[in-house]
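# Descriptive structure summary
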Amino acid sequence: MALLSCGYRNSSDRMVILRSCGPGDFYLERVIFPFELLSFQAPKGAELEIWTHGLGGPELLETLPSSELLIEPPISIPSRKATTQPG
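Residues numbered from 1 in each chain as written. Predicted model: local features only at pLDDT ≥ 70, side-chain atom pairs only at ≥ 80, totals over all residues. Heavy atoms only, no water.

## With respect to the sheet that holds strand β6 (residues 57-65)
In space, the 4 strands of this open sheet follow the order β3-β2-β5-β6, with antiparallel pairing throughout. Edge positions in the sheet fall to β3 (27-32) and β6, since each of these pairs with one other strand and no more. Ignoring which end each strand starts from, the neighbouring axes of this sheet average 20° apart. Of the strand pairs in this sheet, strand β2 (residues 16-21) and β3 are connected by 6 bridges, and their pairing is antiparallel. From the neighbouring strand, R19 faces β3, where its bridge partner is E29. (Pairing = 2+ DSSP bridges. Helix = DSSP H or I, 4+ residues; strand = E, 2+ residues; numbered from the N terminus. Axes fitted to C-alpha atoms, helices over the stretch in contact; angles between N-to-C directions.)

## So, the pattern of salt bridges
Two side chains bearing opposite charge may form a pair once their charged atoms approach each other closely. Taken as a whole and assessed by the stated rule, the structure comprises 1 salt bridge. Here E29 and R19 are joined by a salt bridge, their closest N and O atoms 2.7 Å apart. Separated by 10 residues along the polypeptide, E29 in strand β3 and R19 in strand β2 bring together distant segments of the chain. Judged by its relative accessible area of 36%, E29 falls in the partly exposed class. (Salt bridge = Lys/Arg side-chain N within 4 Å of Asp/Glu carboxyl O. Buried < 20%, exposed > 50% of the residue type's maximum accessible area, 1.4 Å probe, protein only.)

## So, the nonpolar core
C6, Y8, L18, I32, F40, A42 and L69 are the most contacted members of the largest nonpolar core, which has 16 residues in total. Listed by contribution, the elements that provide at least two residues to this core are β1 (3-9), β2, β3, β4 (37-43) and β5 (47-54). Apart from residues lying up to four places away in sequence, F40 is in contact with L4, S5, C6, G7, Y8, L18, L28, L48 and L69. (Core = buried A, V, L, I, M, F, W, Y, C linked by side-chain atoms within 4.5 Å. Contact = heavy atoms within 4.5 Å.)

## Quick notes on the environment of L61
Mapped onto the elements of the fold, L61 is located in strand β6. Expressed as a C-alpha distance, the spacing of L61 and I50, which sit 11 residues apart in the sequence, is 5.5 Å. Setting aside anything within four residues of it in sequence, one finds L61 in contact with V16, I50, W51 and T52.

## Overview of the environment of L38
By secondary structure assignment, the location of L38 is in strand β4. With relative accessibility at 15%, the residue L38 sits in the buried group. Separated by 28 residues in sequence, L38 and N10 place their C-alpha atoms 8.3 Å apart. Here L38 is in contact with C6, G7, Y8, L18, R30 and I32, once residues within four sequence places are set aside.

This is a description of form; function is not addressed.
Structure (structure tokens):
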């Protein structure tokens, strides 16, 4: 499973929880403090949820696909063809 390099900055003045269940057995849950930047890896197609605690309990703030949180584009490495050298 190819992983994407992602990042999320908590721009609020409250602690939030990033939670993600992705393809396969991928699961990630992290606490992000106010103004903190979290760098992480997630598979393509993973959906991330940002939660906070309000007066009525947990509140879902936003849902984002991992592709919107890319820190850098995925790098594709060209395959090398095996060459035989005269011997």
